[in-house]
Each structure stands twice: as C-alpha cells, then as structure tokens.
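If you want the building blocks of each chain, they are given just below.
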2 protein chains.
Amino acid sequence: MAEIRLNAFDMNCVSHQASGLWRHPRDRSAAYRTLGYWTDLARLLERGLFDGLFLADVLGVYDVYGGDPRAALRNAAQVPVNDPAMLVPAMAAATAHLGFGLTCTLSYEHPYPFARRMSTLDHLTDGRIGWNIVTGYLNSAAKGAGKGGQAAYDTRYEIADEYMQVVYRLWEESWQDGAILRDVERGIFIDPDRVHRIVHDGAHFSLDAIHLCEPSAQRTPMLYQAGASTRGRDFASRHAECVFLASPSADIVAGGIADLRRRARALGRHDGDPLIFSLLTIVTGRTDAEAQAKWEDYRRYVSLEGALTLLSGWTGIDFSRYAPDDPVRHIRNDAIHSAVDALTVQDPKKAWTVRELAEHAAIGGMGTTIVGGPERIADLLEDRVVRTGVDGFNLAYAVTPESFGDVVDLIVPVLQRRGIYKRAYRPGTLREKVFGRGDRLGNDHPGSRVRCRATEEMP
Amino acid sequence: MAEIRLNAFDMNCVSHQASGLWRHPRDRSAAYRTLGYWTDLARLLERGLFDGLFLADVLGVYDVYGGDPRAALRNAAQVPVNDPAMLVPAMAAATAHLGFGLTCTLSYEHPYPFARRMSTLDHLTDGRIGWNIVTGYLNSAAKGAGKGGQAAYDTRYEIADEYMQVVYRLWEESWQDGAILRDVERGIFIDPDRVHRIVHDGAHFSLDAIHLCEPSAQRTPMLYQAGASTRGRDFASRHAECVFLASPSADIVAGGIADLRRRARALGRHDGDPLIFSLLTIVTGRTDAEAQAKWEDYRRYVSLEGALTLLSGWTGIDFSRYAPDDPVRHIRNDAIHSAVDALTVQDPKKAWTVRELAEHAAIGGMGTTIVGGPERIADLLEDRVVRTGVDGFNLAYAVTPESFGDVVDLIVPVLQRRGIYKRAYRPGTLREKVFGRGDRLGNDHPGSRVRCRATEEMP
C-alpha cells in the first residue's frame, strides 16, 4: 500500500464543522483571531508530518436556515469568518515543511491582484502554497460583493475556466526563466526581453499587463479543487492536482475517484492524477474504550440548530421548515438527495429523519467520523484506502487542537510502524513533496501550455 | 518640544526609493521575497521604538519613462512588487508593539472583502494595523485590472469618499459592542440583535450584508493618507488620522501642515489632528566624516535611469524625451512643477537640470536626505520640527537594513538623551500608542458617526 497522506482541515472561524463544540471546555477554536492559535497548530501538524493545512473559506453567511443569519450568529456557524490568507505567513515563519491549501473564491476579485497575492505567498513560503479553487455557494456572498445573486451554476464554471486561463498566463508565461539577471556590473536587475506582456480580452475578464511578481518556486500554486457535480468533476479533471471529496459513503467516494481519474486520463493527465483526499474526522484515545468515552463526551456539546444551519447553506434547503422527526426522504432537492443518499448508503433500511441528519453532520460535516483506539483507526484508514482508492484524508476536528494532537500522537506512530506513513518530509516545494516530480506544473497539465509562448512583444 | 515620532518606510520590492542601490554590497533589499528580511527588519525597528513600518505599494508598473516598462525592469524600479499585506502577520508574530501602515488602493477591490482583510489583520496584530488610503496613480494598474485607464482625478476622490462610508459602516456599525456573548450555558455565541445588516446602494458601490468579522481592537484601522493636492488635503482633513507628506522643502511642508490642520479644525476634528509625518532619508555614522564617507560610497551605486523612471511615473512626464542637461524649468506640467518648485526652493538661483533632479531623487525620492553624525542629525531633526510643525518622519532607506540600523543604534539614543524620543512603548493598540486617547476612532472623526445607528432591522 502507498503511504497515506494527511491534511488538516480548518477555517478562520469558530468550531468550523463541529457545531456547538465551541462550548467544550478543551476547545480553543474561539482563539482563531490570534496568531498563537495558528502558529501552535502549524507546529503540531508539522510534528505529525502532515502534508498541509487545508483552509476552508466562505465570503458570506449561512442565511438559508430561517431565511436570515440569526441561527448562524447564535451558533457561530462559520460566522464570524476572517480572511484565511492572512494566516499563512505567520504559520510559514513557524514551520519549514508544512503546506497551506488556501481556499479563495474567484468570483469577487480580478485575476490580476489575486495572482500577485498568491505569488507573494509562494515566495514567502518558499513554494508551500496551494490554492483551493472555488466559485462560492452562498448567495449572501454575492450580495455582500454588490451583486444581486450568484451567477448560474454552469456560468460560474465558465467564468472559472476563463479565470484559470488568465492566471496561468500571469504565472507561467509573463516571466521567462532566466529573466532575473541581477547583473551588478551592468546594472541590470531584470532582462526586459524575457518579461512578456499578457493581453487578454475575454467574455468575463480583460487585462493588459505584465505579472507584477518575479517567478516563485512553484509559479502556479499547487491546485486543489472540490468538484462533486458533473461540471465540477469536469473542471477538476482538467485543473486540479489534488481533489477534496466530502462524502460519508465509501462507495460514493470510490465512484467519484474512478470517474475523476478516467476523465483526467482522457485529457492526457499523468497516471494517478489528481490525488484524492476525502473528508474524515477521527476521534481517538489510547484504547477503544477511551475513544468511545471521548466521543460520547463530545456529543454532549453538539448543537443541532448549528448543524442544520450549515446543512441548509450547503444544500439550499431551509431545514427550519421541517420538524426534527420529519423523514428527509420527503424533502425534494438535488443537493439534499446526494447528501441523503450518501448517508442512507450507510444504512439503507433506515428512514433518516432531519434530526438524524443533523446529528450525523454536527461533527465532521458531510464526511465520515470514525471512533476508536489507534490500531482500530489505522485498520479503518487502510480499509478505506483499499475500498475507495483515496490517496489520503482531510482531517476535520471535533475539538481543536485536541483532535489534531490525538492523531499526531496516537495514530501517526501506528501508521509509521505499519510502513504506510512517511518518517520525514521530502525536501522541496509543496508540489515536489507531494508528487516528487519537480516544483513546477507538469507538462501534462493544461496550465503548462502557455509557457514561453511570448505572444505579445514589449512594449 | 514634543517627542519626535519615527516610522520606517519600505515596500515589498527591491531598493524601494534608492535607485540602483540594490548593487551596493551591503544592501539586502533583493531578499524582499523572504520572510526573514521582514521579521529581522520588524525586530530591529521595535528595538528602536519606531511607531510603525509604513509599507508603500503600487499595483502597476512605471511605464511612463520611454512608454514601456523596460527601464523599470532593468532597474528593478518598484517592479517586481509583491503584495504588502502578506508581510504583516509574520512581522506581527515577531514583535509586540510595532505598528504596520499598509498601503492599499481602493480602486480595484470591493469594500466588502477588503474590510474583512483589514479586520483580520487588526485581530491578528492585536490592533496594530493602519491603512494608508490611496486611489493609485499608475494607468498601468488600471489596465492590469481590466480598465482602460484610471478614473479622472476628482472622480477617484468621489469614489474614495463613498468607499470610506461603506467601510466605516462595516467596521463601526454592523456589530454593536457586546454582540459576542460566548454564553456556554445557553449555547449562544453571538447575540443576533446586536449584529446589523448594512445596506448601501450608492453611485459606485452597493452592498447588502453584515460585516463578516467580529469587532477587532481598533475596529477601523488607524487611517493614514498622503494627500498633496487641494482635493487630497480636503480628503485627508476629513479621514486621515496621520498624514504622510513627501517634499524636500521645509517651507512647503510647513505650508501643507498649516493648511491641513486648518481644514481639520474647521471640520471639528481634535486639536492637533491629523499627525504629520514627512519623508526623510538619514545617512549617518559615528562622526560627521564617517557619515559623509558613507554618503559618497552610496552615491557611487545610484542609477539615474532608475530615478528618472520613478520620477516619470510620479509626475506623468516621460523624462526619456529630455537630455540630462536640459533645464527642468522648461518642462511644462503641473506635477513636475510642484516637484521642481520644491527642489528649487532649496536653491532658488540654480537652473536645475534633468540630471540634477534625478540625482536628488535617486536616494530618498521626493523627500529630503540629511547626512551627518548623530548630534548633527539630531540638530537637523529638531530644526525641522520647529520650522515645519511636523510630528515625525517616515524614514526611507538608502541601503537596507543598514540605514534603519544606523538610526536605531546611533540616532535614537541621542534623541532619548535630549528627552525628545520615547524610552518605551505605551501599552495598547497602534491608535492608543500614537494618540493616547483610546483604541477606537475618536468621536470627532467622521467615521465614528455611524456607530450604533442600526438603520436596518434583521433580517
């Protein structure tokens, strides 16, 4: 078996996907506003040889439940939510190897300043930055940014495709290798002949500029995506180097992986790409009994209203209109169906109620939660890899940083002993660490095609 | 005499305003891409009890000289230029008191995500963030962001005024004091009745959202502005808490300060506000002779082409069209006139040439450069404060971090001995440290007027 990869999954907010667990006496998530929370977490994850910290984000509030943000506010359900990019430089200064997968929506910022921000982060982290490409799912974000609502789903992906073309050109085409001369004798820092103006005049964006940053170690940040729909998988199979899947069902994860890899192969992508991480929450202790007791303790702090608030935002269904004991199968909505299907696959005979859905999602969101001592957890991870073909896991927390500390202290040593977890980081950038094929986008990746194609002469 | 205040003036690029001095063997500015350069600098400045590090920025290239960016590239004249915001979190983690004055243009980002970014920085720095409000001056920035060119000068300030109204409402009005309950017993993190939706539908921006961040220590970041024109001074007298003036002439600085304070008083602002910092470069050594030798050494590395490239961008004049010995007084342009006037005030009989203008600007830009041993520098600083009414200085570097280290090690102790420089930081936020009147915007400031005016009921 190949080595299992681990990312931590967190967000610049309180209790991320663990609804109500900010009340747990050991939870530190309300300290998200402080640098210390993040630098401590980064050091912990690096001690556990995690590939990266994956940072979620939304630019709006969860106001589908009850039609307003009151329930989200009461429960601190991903509101307040601070900018995740600002966490990276301080964590990078506190670590040497940990990668950072930053969620940034492309719906509300022009590619020109965005590309500069990501290049800056790639410079400051020595090539440890990744970008989780999202188009957003909250209408409240569009209203915040001065739009009536989000663009239609397919249009969002059309915009995203064009956005990617522009940022690839800025990152890969604008500055040729060797442009930085730093020639003290002749007094020439940059060779102007190797810096190319990018002119783009498309349906959604236009730009006439050179990229403002000299090439960073990775140039294009490592690209993550979480595409569940057909259109999303199509996008991911072209652009993503790593894909994040959130489903509680191993069968659904396995199907999604097979489909993604088939699509990527058809596009000429490298065999085995993209790598797939699935969402998982691990509750563990020194023994199975201790883990079970911890799980029962955590569950005492769950907020069902908080969980339904998040579920309403994810699915577009206002769950405040249903009673807790209503069966979910009567609720008609494509999004909820995929969520419900995923749950019911686990126990197909059961008639899931709204309350049971909330109880499931209250810790770990739409992923799976597994409970047990170290050997049992290691068995479950191995089994999941075998059954689904997943390459690793994005680990959400129940209580932070305790959930991550437990994995680092109890699970990682067992996986290492079994020979399925690294004992040291590989040198190099995030992309080199994860793929071992160099710092830059592979030649099979569509983003590489614009390289050295100097279409516009200067000026 | 009141205490003299010092800020450092730097930019996320090579050699900032010291054209060609990246070639100096002791200059480290090409390390701007690394966290170490910035965390070392921040610790140095904090050791010298600087109020803050003022970070300049442009979102375009200097392409007026010769009509293209080739000269800017050859000389690394503020290109490449990375995002300055990303530097702050790492420097904040390395310090406890130093403030950060971040230049962000409001021309290319909607106020909603921008307000979140600044609140995030205010949280992570424990209230040490300032914002230098700029509208930009480079057409190349507008073209990069997909616009044909910049808005007209007056329109830019009209847009800026509306932008300020929106961000004040997000920072000051959306979350009432006391909204964060963190009530473990009742399971209520935030009181929804104290969080207010901001609805704005203006000529340039619209928004319908709550601010995404809980209140930070300062709420509104400390506001800096550099307004030289009449319209700019009008804006600064309303919004700025600190103003940055760049002129080599003490008389011009004195006139600008008197005008600004008169305007601010007429608007009911606190007596003595805004504080004024003027641009200055200090070249010093243990003795006058050592300082003079250092100055002569620095000048050997100056690039006149680099200086003219920056001057062309600042004034809009393409200096490549003139010979080095052409007298500047024949060049007709309002912007160049104010620059030339400022210089010629220093030596009114002289017929300044293009070369002399470039030589003047090559170290320290449009500010003054003073050269001497510690006592002489202290005398010159005192004299300048007396003659102009300035509150302090934004210190540019010739060679970095050497120029800053020289001030910390040689000048600060002399000022302290004279009783005109602090011996310790005051506790609290940047605003409290600088003004001593609390963490929040004063009640005399227009940004405070939206407080607790809950115009929109939730939902």
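As the structure is a computational prediction, the values presented were derived from the model and not from experiment. Each chain carries its own residue numbering, running from 1 in the written order of its sequence. For this description, chains carry letters from A and ligands carry numbers from 1, given in the order in which they are written. Selection of residues for local features in this predicted model requires a pLDDT of at least 70, selection of side-chain atom pairs for listing and counting requires 80 or more, and totals for whole chains, interfaces and linings are taken over all residues. Side-chain calculation: all heavy atoms of the structure are included, whereas hydrogens and water are not.

### Concerning the overall build of chain A
Piece 1. Helix numbering and strand numbering both begin at the N terminus, where a helix is a DSSP run of H or I of at least 4 residues and a strand a DSSP run of E of at least 2. Helix and strand counts for chain A come out as 15 helices and 13 strands.
Piece 2. At 22 Å, chain A has a C-alpha radius of gyration in line with the 23 Å of a compact globule built from 459 residues.
Piece 3. Note on exposure labels: buried denotes an accessible area under 20% of the residue type's maximum, exposed denotes more than 50%, and partly exposed covers the range between, all computed with a 1.4 Å probe on protein chains only. Burial status across chain A gives 64% buried among its 459 residues.
Piece 4. Of all intrachain contacts in chain A linking residues separated by at least 6 positions in sequence, the fraction that spans at least 24 positions is 76%.
Piece 5. Carbon and sulfur atoms provide 48% of the accessible area of chain A, an area that totals close to 15,500 Å².
Piece 6. Lys and Arg are tallied as positive, Asp and Glu as negative. Neither His nor the chain termini are counted. Where a charge sits is defined by one atom per residue type, namely NZ (Lys), CZ (Arg), CG (Asp) or CD (Glu). One way to put it: in chain A the 54 positive side-chain charges average out to a point 2 Å from where the 59 negative ones average out. Two things to know: the radius of gyration comes from C-alpha atoms, and the globule rule equals 2.2 Å times the number of residues to the power 0.38. By the convention used here, residues are in contact when the closest approach between their heavy atoms is within 4.5 Å. Under the convention used here, a 1.4 Å probe and the Shrake-Rupley method define accessible areas, while residue burial counts only the protein chains that appear.

### Points about the environment of Arg449 of chain B
Residues and elements named next belong to chain B.
Piece 1. Looking at the secondary structure, you find Arg449 in the segment after helix 15 (430-435).
Piece 2. Look at Arg449 and you get exposed, because its relative accessible area is 54%.
Piece 3. Each C-alpha atom of the pair Arg449 and Gly202 lies 18 Å from the other, and the pair is 247 residues apart in sequence.

### Points about the pattern of salt bridges
Residues and elements named next belong to chain A.
Piece 1. Any carboxyl oxygen of Asp or Glu that lies within 4 Å of a side-chain nitrogen of Lys or Arg is treated as forming a salt bridge with it. Overall, the coordinates contain 80 salt bridges over all chains when judged by the stated rule.
Piece 2. For Asp234, the salt bridge goes to Arg238, with nearest N and O atoms at 2.8 Å. Taken together, the residues Asp234 and Arg238, both in helix 7 (residues 230-239) and four residues apart, mark about one turn of the helix.
Piece 3. Between Asp259 and Arg262 there is a salt bridge whose closest N-O contact spans 3.2 Å. With a gap of three residues between them, Asp259 and Arg262 both fall in helix 8 (residues 250-266), about one helical turn apart.
Piece 4. For Asp259, a relative accessible area of 12% gives the class buried.
Piece 5. Within this structure, Glu172, Asp177, Arg219, Arg440 and Arg451 form a network of salt bridges that share partners.

### Remarks on the interface of chain B and chain A
Piece 1. Each partner contributes residues to the interface: chain B has 71 residues there, and chain A has 72 residues.
Piece 2. A simple way to read buried area is as the amount of 1.4 Å-probe accessible surface that goes missing from two parts once joined, with both sides added. With both sides pooled, the region where chain B packs onto chain A buries about 6,300 Å², and carbon together with sulfur makes up 65% of that total.
Piece 3. It is Leu73, Met86 and Arg116 of chain B in chain B that bury the most area against chain A; as a group they hold 11% of the surface buried on that side.
Piece 4. One can count eight salt bridges joining chain B with chain A.
Piece 5. When the shortest N-O distance is used, the salt bridge between Asp83 of chain A and Arg117 of chain B registers 3.3 Å.
Piece 6. As used in this structure description, the phrase polar contact means that two N or O atoms lie within 3.5 Å; if the pair is within protein, one of them must be able to donate a hydrogen and the other to accept it, and residues adjacent in sequence are counted only when both atoms belong to side chains. Counting every contact that joins chain B to chain A gives 32 residue pairs in polar contact (both at pLDDT 80 or more).
Piece 7. Only Asp, Glu, Lys and Arg are considered charged in this grouping, and only Ala, Val, Leu, Ile, Met, Phe, Trp, Tyr, Cys and Pro are considered nonpolar; every other residue, Gly among them, is considered polar. Tallied by class, residues from the side of chain B that touches chain A come to 42 nonpolar, 13 polar and 16 charged.

### What about the relation of the copies chain B and chain A?
Piece 1. Alignment of copies: least-squares fit on C-alpha atoms of residues with pLDDT of at least 70 in both copies. Screw-axis analysis of chain B against chain A gives a translation of 0.0 Å along the axis, an RMSD of 0.0 Å, and a rotation angle of 180°. Here the two chains are linked by the operation of a two-fold rotation axis. Closest approach to the rotation axis among the C-alpha atoms of chain B is made by Ala90 of chain B, whose C-alpha sits 2.1 Å away.
Piece 2. Of all interface residues in chain B, 100% are interface residues in chain A too; the two copies therefore contact each other through one and the same surface.

### Notes on the nonpolar core
Piece 1. By convention a nonpolar core is built from buried Ala, Val, Leu, Ile, Met, Phe, Trp, Tyr and Cys residues, the set being connected through side-chain atoms within 4.5 Å. Counting residues in each nonpolar core, the largest one holds 252 residues, and the members touching the most others are Phe50, Trp131 and Leu381 of chain A together with Phe50, Trp131 and Leu381 of chain B.
Piece 2. Contacts of Leu381 of chain A, omitting those with residues within four sequence positions, involve Ile4, Leu280, Ile282, Ile370, Phe393, Ile411 and Leu415 of chain A.

### Observations concerning the environment of Ser249 of chain A
All names here are of chain A.
Piece 1. Counting through the fold element by element, Ser249 comes out in the loop between strand 10 (242-245) and helix 8.
Piece 2. What makes Ser249 buried here is its relative accessible area of 2%.
Piece 3. With 167 residues separating them in the primary sequence, Ser249 and Gln416 have C-alpha atoms 26 Å apart.

### Points about the UniProt feature "binding site: FMN" (unreviewed entry) in chain A
Piece 1. UniProt positions are given in the numbering used here, feature names are shortened, and annotations may be inferred rather than shown by experiment. Within this numbering scheme, the UniProt entry marks Asp57, Thr103, Tyr157 and Ser229 of chain A as carrying the feature "binding site: FMN" (unreviewed entry).
Piece 2. Not counting residues up to four positions away in its chain, the partners in contact with Asp57 of chain A are Met11, Val81, Asn82, Pro84 and Thr103 of chain A together with Arg116 of chain B.
Piece 3. A residue is classified by how much of its surface remains accessible, and Thr103 of chain A, at 3% relative accessible area, is buried.
Piece 4. What Thr103 of chain A contacts, discounting residues up to four positions off in sequence, is Phe54, Leu55, Ala56, Asp57, Pro84, Asn132 and Val134 of chain A.
Piece 5. One polar contact links the side chain of Thr103 of chain A to the main-chain carbonyl oxygen of Leu55 of chain A, over a distance of 2.6 Å.

### Considering the side chain of Thr39 of chain B
Residues and elements named next belong to chain B.
Piece 1. Along the chain, Thr39 falls in helix 1 (residues 35-47).
Piece 2. One polar contact links the side chain of Thr39 to the main-chain carbonyl oxygen of Gly36, over a distance of 3.4 Å.
Piece 3. Each residue touching Thr39, except ones within four places of it in the same chain, is listed here: Ala90, Met91 and Ala94.

### Focus: helix 14 (residues 402-417) of chain A
Residues and elements named next belong to chain A.
Piece 1. Here the expected span of a helix is defined as 1.5 Å times the quantity of residues minus one. Taking 1.5 Å per residue, 16 residues should reach 22 Å; helix 14 reaches 22 Å between its end C-alpha atoms and fits that length.
Piece 2. Think of it this way: the bend at a residue is just the angle between two axes, each fitted to seven residues, one set ending at that residue and the other starting at it. The largest bend in helix 14 comes to about 40°, at Ile411, with the proline Pro413 one to four residues further on.
Piece 3. Of all 16 residues in helix 14, twelve are buried; the element is thus mostly enclosed.
Piece 4. When helix 14 is considered as a whole, its buried residues turn out to be Glu402, Ser403, Phe404, Gly405, Asp406, Val407, Val408, Ile411, Val412, Val414, Leu415 and Gln416.

### Here we look at the side chain of Thr120 of chain B
Piece 1. Take Thr120 of chain B: it is sitting in helix 4 (residues 111-124).
Piece 2. Residue Thr120 of chain B is classed as buried on the basis of its relative accessible area of 0%.
Piece 3. In this structure Thr120 of chain B touches Asn12, Asn82, Asp83 and Met86 of chain A together with Cys213 of chain B, once residues within four positions along its chain are discounted.

### Comments concerning the packing of helix 6 (residues 153-173) of chain A against helix 7 of chain A
All names here are of chain A.
Piece 1. Across the interface, helix 6 lies against helix 7 with an axial gap of 10 Å and an inter-helix angle of 10°. By the criterion of interaxial angle, the relationship of helix 6 to helix 7 is roughly parallel. On helix 7, the residues touching Tyr153, Asp154, Tyr157, Glu158, Ala160, Asp161, Met164 and Tyr168 of helix 6 are Arg231, Gly232, Phe235, Arg238 and His239.
Piece 2. Grouping the constituent residues of the contact of helix 6 with helix 7 by class yields six nonpolar, two polar and five charged. Fitted lines through C-alpha atoms serve as axes, helices being fitted only where they are in contact, and the angles separating the N-to-C directions of these axes extend from 0 to 180 degrees. Roughly parallel covers angles under 35 degrees, roughly antiparallel covers those over 145, roughly perpendicular covers 65 to 115, and oblique covers all other angles.

### A word on the packing of aromatic side chains
The geometry of two aromatic rings is summed up by the distance between their centres and the angle between their planes.
Residues and elements named next belong to chain B.
Piece 1. Pairing of aromatic side chains here covers Phe, Tyr and the six-membered ring of Trp, requires ring centres within 6.5 Å, and sorts the geometry by plane angle: under 30 degrees stacked, over 60 edge-to-face, intermediate tilted. Taken as a whole and assessed by the stated rule, the structure comprises 34 aromatic pairs over all chains.
Piece 2. Ring centres 6.3 Å apart and planes at 55° place the aromatic pair Trp131 and Tyr163 in the tilted group. With Trp131 in strand 4 (residues 129-134) and Tyr163 in helix 6 (residues 153-173), this residue pair connects regions lying 32 residues apart in the sequence.
Piece 3. With relative accessibility at 0%, the residue Trp131 sits in the buried group.
Piece 4. Of the residues examined, Tyr163 reaches a relative accessible area of 0% and is grouped as buried.
Piece 5. Considering the side-chain rings of Trp131 and Trp171, the 6.0 Å spacing of their centres and the 80° angle between planes classify their relative orientation as edge-to-face.

### Details of the environment of Leu260 of chain A
All names here are of chain A.
Piece 1. Tracing the sequence through the fold places Leu260 in helix 8.
Piece 2. When its relative accessible area of 0% is taken as the criterion, Leu260 is described as buried.
Piece 3. Counting along the chain gives 68 residues from Leu260 to Pro192, while the straight-line C-alpha distance between them is 41 Å.
Piece 4. Excluding residues within four positions of it along the chain, Leu260 makes contact with Arg233, Ala236, Ser237, Val243 and Ile276.

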